[in-house]
Amino acid sequence: MNLYIGMKFFGHDTNVVVICPEKNYIFAISTERVTRYKHDTIYPIKILENIFEYTKLEKSLIKNIVFCLAEKDYAKKLNFSNWYEYETALREFYNLKYKGELVRKHNSFKLLSLDEQELIYNQSYAGKKLFEIKKSQQKNAVTISEEVSKYINKIFDLSLNEIEYFDHHKSHALGSFVLSPYEHAIAITFDGAGDGYFSKVFLCSKDKFEYKVGSKRKNFYLDDIDCGNSLGNIYEYFTLKLGFHRFSEEGKVEALAAYGNFDNEIFYKLKECLLFDRSNLTLDIDQKLLYKYFNKIAFDDYLIKFSKVDIAAAVQKFLEISIVNYISSIVKKYKIKNIVLSGGVFANVIVNMRIFEEVTNNIYIIPAMSDDGLGLGSICLKLLEETKLEENISWIRKYNTQYLGTSYSKEEIISVLKNTANIFYKDLGKDWMKKTAEYIHNDEVGAIFHGKMEWGPRALGNRSILGNPLNKNSINKLNVEVKNRPFYQPFCPSIMIDERERLFENSYINKDMTCAFIMKEEFIDKIPCAVHIDNTARVQFVTHESNPNYYKILSEFKNLTGYGVLLNTSFNKHGRTIVESPQDAIDDFLDTGLNFLMIEGIEVRKLKSEN
């Protein structure tokens, strides 16, 4: 058998995808799910070391392994040697479980003098190890190719191996097209940056995959931050200036924008900075204007003059109209209304809704739209080299690509439960779905863990926290007792497919929670927790075929309430990633105000304190 291992090896959202064509098999996981460091940048070494355990594939039957990386510039020099060893030693030194804790601790540590730092290093084995690695690092010592080969050869005990490198945006685009329902489409990518571009356009069919045009990314600094000239980078810059974490909390800006008014000078100045070449279909930013309008001094003034909600609304509206106008021009030129979208910018569900409402109803967004989808696309590019697209990878379209991650047996779960204090549990068998619906109907908030883990950033009913969308108090309970999130972030509804036309005037069958839709006015007060302040809902439509267990819970809830709708948010404590293992599930269950956990049909509850 041939095994194709696709990866994003460097940068944020590193990940691994495995495809075995002979078995029509796919496995996909982001590094963050294993390390629980959000948007992790560490090499996916732990995943690769355990790949045959994760996939349950027999290593002895594999004749050939092809490694595919979404990184075209493989000859590029890396900043430092021994980076992976340094990063793992750093985590060992601090011995903190989650990224936010480590970042805060490390920032405090860096404020100490060098002598004070060295003294602390020498107090532990981990500190001494970190100090030695730090001293031995060399600048620009290795290339990407050399670094990848070093680890792959070691993990797979190879002296020679085949490693293929593919363009970042091609990987995005082909992955989205292969999973789409269309036989021909325009594939459009948008992100911060990748292989020298921030956006590319391809024409796709079962016979060809043709690059048409791209917008180049340029380095440009604002307030010592490389803002670049891409729409994604500008949105990231605003995220940072509004007090959020860049590269991970852009969704907070999107949510906050619904509370504000975009009609202000920030919006119009952003529009003035945009350069749209309609003849060549390229985008750029006037860097002189951008610096003039949004340098540190200017932005500090905006933060005094305008509320954060109005600043968020301005950059959100700028992103919406810029992308809608751009995609409208592309559709008009190529006269194809099927479009497939990928890249981190399309994590913005309001942008996607505007495209759906104003450009075309034929839209598909890949579930792993950000860089966590690159592993799949890089493999597809390799398979496309070997044979015709339709012949070799058409089976992938039939795959349930919402759920490509790890799964655990009941025996493995019980082993963890037996070793956990302060809980009791019982196996409900096939009744667990009905019981889940009943508990939620009684306004309890619980988590479910079953089947394969979701692929991409959204929880889609296999690693989810569920609440009653009919009770306004559900949001407060989730925010205060469970997730510790700010009030303005919306929770999202999972809705059985039978309810789609009843609740929404204009929508499509989106199973991946990648697009928002406006709920009919008559239902907004009846299902108050399912909509944001702007009356939009980031919906996951659930079919029996895609997730029979989750569909059953929704169906049972409808029998009780008249609505096949549940409040759904990712199963994790705020600041952590979605749970991957049974131990993760137990940890986050005990660390939050969840009432119950359903894990592969086993109901888990906390023992009440005698105090």
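Presented here is an overview of the structure given in this document.

What counts, and at which threshold
Residues numbered from 1 in each chain as written. Predicted model: local features only at pLDDT ≥ 70, side-chain atom pairs only at ≥ 80, totals over all residues. Heavy atoms only, no water. Helix = DSSP H or I, 4+ residues; strand = E, 2+ residues; numbered from the N terminus. Rg over C-alpha atoms; globule rule 2.2 N^0.38 Å. Areas by Shrake-Rupley, 256 points an atom, 1.4 Å probe, with all protein chains shown as cover. Patch = residues over 30% accessible without salt bridge, like charges linked within 9 Å, V, L, I, M, F, W, Y side chains within 5 Å. Salt bridge = Lys/Arg side-chain N within 4 Å of Asp/Glu carboxyl O. Lys, Arg positive; Asp, Glu negative; His and termini not counted. Charge placed at Lys NZ, Arg CZ, Asp CG, Glu CD. Polar contact = N/O pair within 3.5 Å; in protein donor to acceptor, adjacent residues only side chain to side chain. Contact = heavy atoms within 4.5 Å. Buried < 20%, exposed > 50% of the residue type's maximum accessible area, 1.4 Å probe, protein only. Axes fitted to C-alpha atoms, helices over the stretch in contact; angles between N-to-C directions. Parallel < 35°, antiparallel > 145°, perpendicular 65-115°, else oblique. Nonpolar A, V, L, I, M, F, W, Y, C, P; charged D, E, K, R; others polar. Pairing = 2+ DSSP bridges. Expected span 1.5 Å × (residues − 1).

Across its full length, the chain carries 25 helices and 24 strands. For 611 residues, the compact-globule estimate of 2.2 N^0.38 gives 25 Å, and the C-alpha radius of gyration of the chain, at 24 Å, lies within 12% of that figure. Along the three orthogonal principal directions, the C-alpha set of the chain runs to about 60 × 60 × 55 Å. Accessible surface, the chain: about 25800 Å² in total, of which carbon and sulfur atoms supply 48%.

Next up on the list: a negative patch on the surface. Among the surface-exposed residues, Glu505, Glu521, Glu522 and Asp525 lie close enough to one another that they form a single negatively charged patch. Relative to the helices and strands, Glu521 is located in helix H23 (residues 521-524).

Our next topic: the side chain of Thr420. Residue placement: Thr420 occurs in the loop between helix H19 (410-418) and strand E15 (423-427). Only 2.8 Å separates the side chain of Thr420 from the backbone oxygen of Val416, close enough to count as a polar contact. Apart from the residues lying within four places of it in its own chain, the contact partners of Thr420 are Ile586 and Leu590.

Looking at where Lys426 falls in the secondary structure, it is placed in strand E15. Exposure remark for Lys426: the relative accessible area of 46% places this residue in the partly exposed category. For the pair Lys426 and Leu130, spaced 296 residues apart in the sequence, the C-alpha separation amounts to 45 Å.

Let us look at helix H10 (residues 231-241). Note on helix geometry: an α-helix contains 3.6 residues per turn, so any two residues three or four positions apart are oriented the same way. With respect to burial, H10 is a largely interior element, 10 of its 11 residues being buried. Among the residues making up H10, those that are buried are Leu231, Gly232, Asn233, Ile234, Tyr235, Glu236, Tyr237, Phe238, Thr239 and Lys241. Gly243 occupies a position one or two residues after H10 and carries a positive phi of about 95°.

We now examine the packing of helix H4 (residues 83-94) against helix H5 (residues 99-110). In the contact formed by H4 and H5, the axes pass within 11 Å of each other and the chain directions differ by 90°. The angle between H4 and H5 falls in the class roughly perpendicular. Contact residues: H4 offers Tyr86, Leu90, Arg91, Phe93 and Tyr94, while H5 offers Leu102, Lys105, His106 and Phe109. For the contact of H4 with H5, a count of residues per class yields 6 nonpolar, 1 polar and 2 charged.

Running from N to C, helix H11 (residues 250-257) and helix H15 (residues 308-334) point in directions that differ by 105°, and their axes come no closer than 8 Å. Relative to H15, H11 is oriented roughly perpendicular. Counting all contacts with H11, which are made through Val253, Glu254, Leu256 and Ala257, the residues of H15 involved are Lys308, Val309, Ala312, Ala313, Val315 and Gln316. Across the contact of H11 with H15, the residue classes tally to 7 nonpolar, 1 polar and 2 charged.

Turning to the sheet that holds strand E23 (residues 596-599), a few remarks are in order. Taken in spatial order, the 8 strands line up as E15-E24-E23-E16-E17-E22-E18-E21 in an open sheet, and their pairing is mixed. A single partner strand is all that each edge strand has here, and the edge strands are E15 and strand E21 (540-542). Pairs of neighbouring strands in the sheet enclose a mean axial angle of 30°, with direction left out of account. This element, helix H20 (residues 432-441), spans strand E16 (446-449), strand E17 (463-467), strand E22 (565-570), E23 and strand E24 (602-606) of the sheet and lies at about 160° to E23.

Turning next to the pairing of strand E3 (residues 25-30). With 6 of its 6 residues buried, E3 lies for the most part within the structure. Here E3 shows no split at all, with Tyr25, Phe27 and Ile29 on one side and Ile26, Ala28 and Ser30 on the other all buried. With 6 bridges connecting them, strand E2 (residues 15-20) and E3 associate as antiparallel partners. Residue Val16 lies in a different strand from E3, and its bridge partner there is Ile29.

In this section: the pattern of salt bridges. Side-chain pairs of opposite charge can arise where the charged atoms are in close proximity. What the rule picks out here adds up to 35 salt bridges. For Asp587, the salt bridge goes to Lys97, with nearest N and O atoms at 2.7 Å. On the criterion of sequence distance, the pair formed by Asp587 in helix H25 (residues 582-590) and Lys97 in the loop between H4 and H5 is long-range, its members being 490 residues apart. Under the relative-accessibility criterion, Asp587 is labelled buried at 16%.

For the rest of this paragraph, the subject is helix H17 (residues 374-386). Look at H17: 19 Å from first C-alpha to last across 13 residues, which is about the 18 Å you get at 1.5 Å a residue. Most of H17 is tucked away, with 10 of its 13 residues classed as buried.

Before going further, it helps to examine the side chain of Asn572. Note on placement: Asn572 falls in the loop between E22 and H25. In this structure Asn572 comes out as buried when scored by relative accessible area, which is 6%. Of note is the side chain of Asn572, whose polar atom sits 3.3 Å from the side chain of Lys483. Among the polar contacts made by the side chain of Asn572, one reaches the side chain of Ser570 at a distance of 2.5 Å. Discounting residues that sit within four places of it in the chain, Asn572 has contacts with Arg36, Ile465, Lys483, Thr577, Ile578 and Asp588.

Taken in spatial order, the 5 strands line up as E8-E7-E6-E13-E14 in an open sheet, and their pairing is mixed. Two strands close off the open sheet at either side, each with one partner strand: strand E8 (209-216) and strand E14 (363-365). Put simply, the sheet's adjacent strands are angled 20° from each other on average, direction ignored. As judged from the 8 bridges shared by strand E6 (residues 184-194) and strand E7 (residues 197-205), these two strands associate in the antiparallel manner. Among the inter-strand pairings, Ala187 is bridged to a residue of E7, identified as Phe202. Across the face of the sheet, helix H9 (residues 168-179) comes into contact with E6, E7, E8, strand E13 (339-342) and E14 while running at roughly 140° to E6.

The subject of this paragraph is unusual backbone geometry. Excluding glycine, residues mostly have negative phi values, and the peptide bonds linking residues are mostly trans. Phi at Asn82 takes a positive value of approximately 55°, unusual for a residue other than glycine. Its location among the elements puts Asn82 in the loop between strand E4 (64-69) and H4. Located in the positive-phi region is Glu600, a residue other than glycine, with phi close to 50°. With respect to the element layout, Glu600 can be found in the loop between E23 and E24. Given the relative accessible area of 22%, Glu600 is considered partly exposed.

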